[in-house]
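# Working through the structure, step by step
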Amino acid sequence: MKKYFNYIALPALALGLVACEPEFENEIEDGTVYTNGEANFSSYVAVGNSLTAGFADGALYITGQENSYPNIMAQQFALAGGGEFTQPLVSDNLGGLTLGGTQIANNRFVLATDANGNPGPAVLSGTPTTEITNVVTGPFNNVGVPGAKSFHLVAPGYGNVAGVPTGQANPYFARFASEANATVMGDALAANPSFFSLWIGNNDILGFATSGGAGVDQTGNLDPTTYGPNDITDPNVFASVYSQEVGLLVGSGAQGALVNIPDVTSIPFFTTVPSQSIPLDAGTAATLNAAFAAYNTQVLPGLASFGIITAEEAAARQITFAEGANFITIQDEDLTDISAIVQGPPFNLDPITAGLLSQLRQTTNDDLVPLTTAGVLGTTDQDFLNLLVSLGIPAEQAALQAINGVSRPLQDQFVLTSQEQELITAAQTQYNATIQALAQANDLAFVDARSALQVVANGGVSFNGGVLTSDFVTGGAFSLDGVHPTPRGYAFTANAIIDAINDQYGSTIPGVDIGSYATVAISNDVN
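So, a few notes on the structure that sits alongside this text. This one's a predicted model, so the numbers in the text were calculated from it and none came from an experiment. (Residues numbered from 1 in each chain as written. Predicted model: local features only at pLDDT ≥ 70, side-chain atom pairs only at ≥ 80, totals over all residues. Heavy atoms only, no water.)

### Here's the deal with the nonpolar core
Taken as a class, soluble globular proteins show a tendency for nonpolar side chains to be buried jointly. Quick reminder of the rule: Think of a nonpolar core as a cluster: buried Ala, Val, Leu, Ile, Met, Phe, Trp, Tyr and Cys residues, connected wherever their side-chain atoms sit within 4.5 Å. Only protein chains enter the area calculation, which uses a 1.4 Å probe; residues under 20% of their type maximum are buried, those over 50% are exposed, and those in between are partly exposed. Each helix is a run of DSSP H or I of at least 4 residues and each strand a run of E of at least 2, with the numbering of both proceeding from the N terminus. The contact rule is simple, with two residues in contact once any of their heavy atoms fall within 4.5 Å.
Counting residues in hydrophobic clusters, the biggest one holds 132 residues, and the most contacted among them are Y44, V47, M73, L198, Y242, L258 and I501. For this core, the leading source of residues is helix α17 (residues 487–505), giving nine residues. Residues within four places of L258 in sequence aside, it is in contact with F196, L198, Y242, V246, I435, L438, A439, L444, A445, F446 and V447. Of all hydrophobic cores here, the second largest spans six residues; its members include L356, L385, L388 and A402.

### Section: the pattern of salt bridges
Side-chain pairing between opposite charges can occur once the charged atoms of the two side chains come close. Using the following cut-off: Salt bridges are defined as contacts in which a side-chain nitrogen from Lys or Arg sits within 4 Å of a carboxyl oxygen from Asp or Glu.
Tallied over the full model, the rule gives six salt bridges. The shortest N-O distance in the salt bridge between D57 and R108 comes to 3.7 Å. Taken as a pair, D57 in the loop between α1 (50–53) and α2 (62–66) and R108 in the loop between β3 (102–105) and β4 (109–113) lie far apart in primary sequence, 51 residues in all. Residue D57 shares its accessibility class with R108, and that shared class is buried. The closest approach of N and O atoms between D381 and R408, which form a salt bridge, is 3.0 Å. Here the residue D381 occupies a position in the loop between β13 (360–362) and α13 (382–390), and R408 occupies one in the loop between α14 (395–400) and α15 (418–441), the gap between them amounting to 27 residues. Judged by relative accessible area, which is 21%, R408 ranks as partly exposed. Sharing partners across several salt bridges, the network here consists of D332, R361 and D367.

### What about the sheet that holds strand β6 (residues 130–131)?
In a beta sheet, neighbouring strands are held together by backbone hydrogen bonds and run either parallel or antiparallel to one another. What counts here: One bridge is not enough; two strands pair if DSSP finds at least two bridges between them.
As summarised here, the arrangement of the three strands in space is β3-β2-β6, forming an open sheet in which the pairing is mixed. The open sheet terminates on both sides in strands that have one partner only, identified here as β3 and β6. In terms of strand pairing, strand β2 (residues 97–99) meets β6 through two bridges, oriented parallel. Bridge pairing links T98 to E131 in β6.

### Some details on helix α16 (residues 449–457)
The following threshold applies: Note that the arc is defined by the directions from the helix axis to the C-beta atoms.
Among the residues making up α16, those that are buried are A449, A452 and V456. Buried residues of α16 fall within an arc of 65° about the axis and therefore sit on the same side. Looking at the buried side of α16, the elements it contacts are β8 (195–199), β9 (255–259), β14 (445–447), β15 (461–463), β16 (466–468) and α17. One or two positions beyond α16, positive phi appears at G459, with a value near 110°.

### Examining the packing of aromatic side chains
Under the convention used in this document: Two rings belonging to Phe, Tyr or Trp (six-membered ring only in the last case) form a pair when the distance between their centres is within 6.5 Å. Interplanar angles under 30 degrees mark stacking, angles over 60 mark edge-to-face geometry, and anything in between is tilted. Counting as a charge over the ring demands two things of the Lys NZ or Arg CZ atom: a distance within 6 Å of the ring centre and an angle within 35 degrees of the ring normal.
A full pass over the atoms with the stated rule returns 19 aromatic pairs. Taking 5.3 Å as the distance between ring centres and 75° as the angle between the ring planes, the aromatic pair formed by F173 and F176 counts as edge-to-face. Following the ring pairs from residue to residue traces out a cluster consisting of F41, Y44, F77, F85, F195 and Y505. Of note, R108 hangs over the ring of Y61, and the distance from its end group to the ring centre comes to 3.7 Å. Above the ring of F384, the side-chain terminus of R408 is found at 4.1 Å from the ring centroid.

### Notes on the side chain of N67
Spelled out, the test is: Polar contacts, as used here, are pairs of N or O atoms within 3.5 Å; protein pairs need one atom able to donate a hydrogen and one able to accept it. Residues neighboring in sequence count only if both atoms are side-chain atoms.
Mapped onto the secondary structure, N67 falls in the loop between α2 and α3 (69–77). Given a relative accessible area of 16%, N67 falls into the buried group. At a separation of 2.9 Å, a polar atom in the side chain of N67 contacts the main-chain carbonyl oxygen of T63. Sequence-distant contacts of N67, defined by excluding residues within four places in its chain, comprise I72, P487, Y490 and Y517.

### A short note on the environment of I403
Along the chain, I403 turns up in the loop between α14 and α15. Sequence separation of I403 and P193 is 210 residues, and the distance between their C-alpha atoms is 56 Å. Beyond its immediate chain neighbours, meaning those up to four positions away, I403 contacts G378, T379 and R408.

### With respect to the sheet that holds β8
The following threshold applies: Note on definitions: angles span 0 to 180 degrees between N-to-C directions of axes, and those axes are lines fitted to C-alpha atoms, for helices only across the stretch in contact.
The sheet built from five strands is open, its strands ordered β7-β1-β8-β9-β14 with parallel pairing. Since the sheet does not close on itself, it has two edges, and those belong to β7 (142–144) and β14, each with one partner. Each adjacent strand pair in this sheet contributes to an overall mean axis angle of 15°, direction not counted. Pairing between strand β1 (residues 44–48) and β8: five bridges, direction parallel. Its bridge partner lying in β8, A46 is registered against S197. Along the sheet face, helix α7 (residues 235–251) touches β1, β8 and β9 and points at about 170° away from the line of β8.

### Observations concerning unusual backbone geometry
In the segment running from G138 into P139, the intervening peptide bond is cis, with an omega of 5°. Along the chain, P139 turns up in the loop between β6 and β7. Of note, the amide linkage connecting P345 to P346 takes the cis form, showing an omega dihedral of 5°. The phi dihedral of D57 is positive, around 55°, even though this residue is not glycine. By relative accessible area, which is 4% here, D57 ends up buried. The backbone phi angle of N348 is positive, close to 55°, even though this residue is not glycine.

### Quick look at the pairing of β9
When you tally the buried positions in β9, you get four out of five residues, the bulk of the element. In this sheet, β9 lies alongside β8 in parallel orientation, the contact comprising four bridges. Opposite S197, over in β9, you have A257 as the bridge partner. Sheet topology places β9 next to β14; three bridges connect them, and they run parallel. Bridging across to β14, V259 finds its partner in V447.

### Details of the environment of A426
Topologically, A426 is positioned in helix α15. The exposure class of A426 is partly exposed, given its relative accessible area of 39%.

Laid out in structure tokens, this is it:
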């Protein structure tokens, strides 16, 4: 079983992890009339990325699409003149994709238990039947494309199946693009929207975050064709393409809603694994402290006395362990690289030890540990262990030196440092300023998803039957990938957007009862 974590104990699972029929937030009585106000919902088109598509549990599958926030909204719009809402449904509830019969995207996660009865996410077994070369015919009302960044929506060929193997095209768009050279925006306009929602920009920072900052902040680089998949999009590039997208939609005569970017670091993917999560007994802690004693008392003070690092950096780089939960050891690229210096006098360390100490520190409470890192913590770096043994180090000693996150520091992609978080926040702040300004300039509804999800993350949102929180698995808001919502989380999102639309256009569209929507699925609930 593939699980995300080793050191996080899930509490007893609450009841209610089952699907049920949605109900209206306010019961519809005979004769109740809901109005569209100044809005025209006859042809609603949703534009965006995975959040718009209904992506959940690490995959796109039918049940997730059926519970996407646009589909929930369209059902409510139908009460006030809304028309048919079509989606490019995948072929099954497994969620994987194939290209020419070869699987290119993983199946979804389900909640399962291992041999010891420990619950956790596991990849659902089975052979997926969604072949991306079997193009489904639109136009569609939901043109959410998982993985899309802001500039991808206006990129010709983003849905060309020939470009999928090389990463030049998106497999999710390839299966419903109207033609090889189509753009997402062009296909959205083909549905003749009278009303739209646009939620894009999350992925312009999310890849950087989920990779632990193992990308580049491209602020200052105005050429997105040179960006890597985990890079932060320059805010001016975002503003330019976002303005173009809004202009195309408004120019078609449509009204709509613009949704801003939530704090990507407040999702369970970053809040589940604590930075202090290495459990040690007293004996192991004492052994490790002895191993790092010379580094703490000689190397660091010596480097500070030579002016190579500051006294503050020397203090921040101290490595100490104790019985109980300990902070994780990491390589922080923002620290001074001391590897070359400590190989010379007066330290004369061997290259391997110098490499381990190069940018070493322990995490603090300001660092965020991605959910996927949990599966690495406390495990043995087998390649490093073999290297040590080949150099003549006894196997038992080598094993002690090769523990990931303890004696073997984790690399950059396993931790999102406070400095990396600042880069994300700076870009997000500018993206959101652009979104809000364009909503005001074009008399569109503005949806403050950032504030709405902050409430979920900070105490939760009450509903009939419970409280919606961002706690992993048990909170109900987020699916098993720790990033995308559950059906209940998407219902909450739909309500937030509907509220903003009602405020802007004077409509009276009712929300839905979020408690009537499912949370995570256990393995034997999937059909």
